[in-house]
Amino acid sequence: MRVMEKEDLPLIAEWFSSPEVFGEYNTLRQMSKTEAEKMLESPLELKQFLIEKKDGSKIGFVSHFYVLHPAARHLEIGYILLPSERGKGYCTEAVNIMVDYLFLSKESRRIQAQTDLRNIASQKVLEKIGFKKEGTLRKNFFVRGEWRDAYLYSILREEWKDPKILTKTTSD
Ligand SMILES: CC(C)(COP(=O)(O)OP(=O)(O)OC[C@H]1O[C@@H](n2cnc3c(N)ncnc32)[C@H](O)[C@@H]1OP(=O)(O)O)[C@@H](O)C(=O)NCCC(=O)NCCS
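Residues numbered from 1 in each chain as written. Predicted model: local features only at pLDDT ≥ 70, side-chain atom pairs only at ≥ 80, totals over all residues. Heavy atoms only, no water.

(A) Focus on the pattern of salt bridges. Scanning all chains against the criterion turns up 13 salt bridges. Between R148 and E146 there is a salt bridge, and its shortest N-O distance comes to 2.9 Å. On the basis of relative accessible area, R148 is assigned to the buried category, the value being 8%. In this structure E146 comes out as partly exposed when scored by relative accessible area, which is 34%. What emerges from the salt-bridge pattern is a single network uniting D116, R118, E146 and R148. (Salt bridge = Lys/Arg side-chain N within 4 Å of Asp/Glu carboxyl O. Buried < 20%, exposed > 50% of the residue type's maximum accessible area, 1.4 Å probe, protein only.)

Next up, the structure:
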């Protein structure tokens with residue numbers, strides 16, 4: 001995984017504009033390269049990390065951003081994999097790395113994620129990593145012409161305990 005650079009933005013705009021890539025659980029949108037650039041300057045401090053395979057091909061991304069509240073700033077994550085690369089464990093590995101990175105580098109007590117009630121693959125990713133389902137956010141996303149409910153998941157620092165991947169060496 002690596003931080004997204006300016007030269008990646010045309011590809012990101014293409015992914016964001018593709019119903020196949022964004023799937024049936026994300027808001028359908030059409031994004032220009034200029035808009036993709038603006039997204040990285042968002043006040044939520046959005047950071048995108050590309051997931052690359054060893055051969056250099058780009059297969060998806062994981063992002064983190066802040067959800068602002070007068071009394072707190074909560075870290076939230078999101079992720080997308082290219083359809084041809086799903087079901088191979090890549091997202092679980094990438095989100096594990098992101099959780100390690102965030103708890104090692106930020107003072108946050110919790111990391112949260114939201115997922116459509118029907119998005120079983122996304123729920124499995126979160127549960128395998130140790131996220132707990134907190135409840136249902138009613139009519140939370142407007143996707144494909146309808147308001148959909150979402151589950152709110154979170155993992156607390158004390159539930160994470162130790163890095164799973166990021167600081168491990170080959171001898172571990
Ligand atoms: C959600 C998503 C990121 C998961 O990525 P992935 O790399 O396929 O996930 P993994 O392979 O690491 O693990 C997914 C788990 O869900 C399972 N799974 C995958 N697709 C599934 C499906 N359609 N229905 C049920 N389970 C599914 C896998 O078998 C695996 O479980 P297992 O380890 O028990 O076998 C990917 O499907 C995706 O990009 N979807 C579209 C965008 C999206 O929904 N993003 C999340 C928004 S919250």
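(B) Spatial organisation of the packing of aromatic side chains. Across all of its chains, the model carries seven aromatic pairs by this definition. Between F142 and W147 the ring centres are 5.3 Å apart and the planes differ by 55°, which places this aromatic pair in the tilted class. On the basis of relative accessible area, F142 is assigned to the partly exposed category, the value being 42%. Aromatic ring contacts, followed pair by pair, group W15, F16, F22 and F61 into a single cluster. Over the aromatic face of Y66 sits the side chain of R73, whose NZ or CZ is 3.8 Å from the ring centroid. Over the ring of Y151 we find K133; its NZ or CZ atom is 4.0 Å from the centre of that ring. (Phe/Tyr/Trp six-rings, centres within 6.5 Å; stacked < 30°, edge-to-face > 60°. Lys NZ or Arg CZ within 6 Å of the ring centre and 35° of its normal.)

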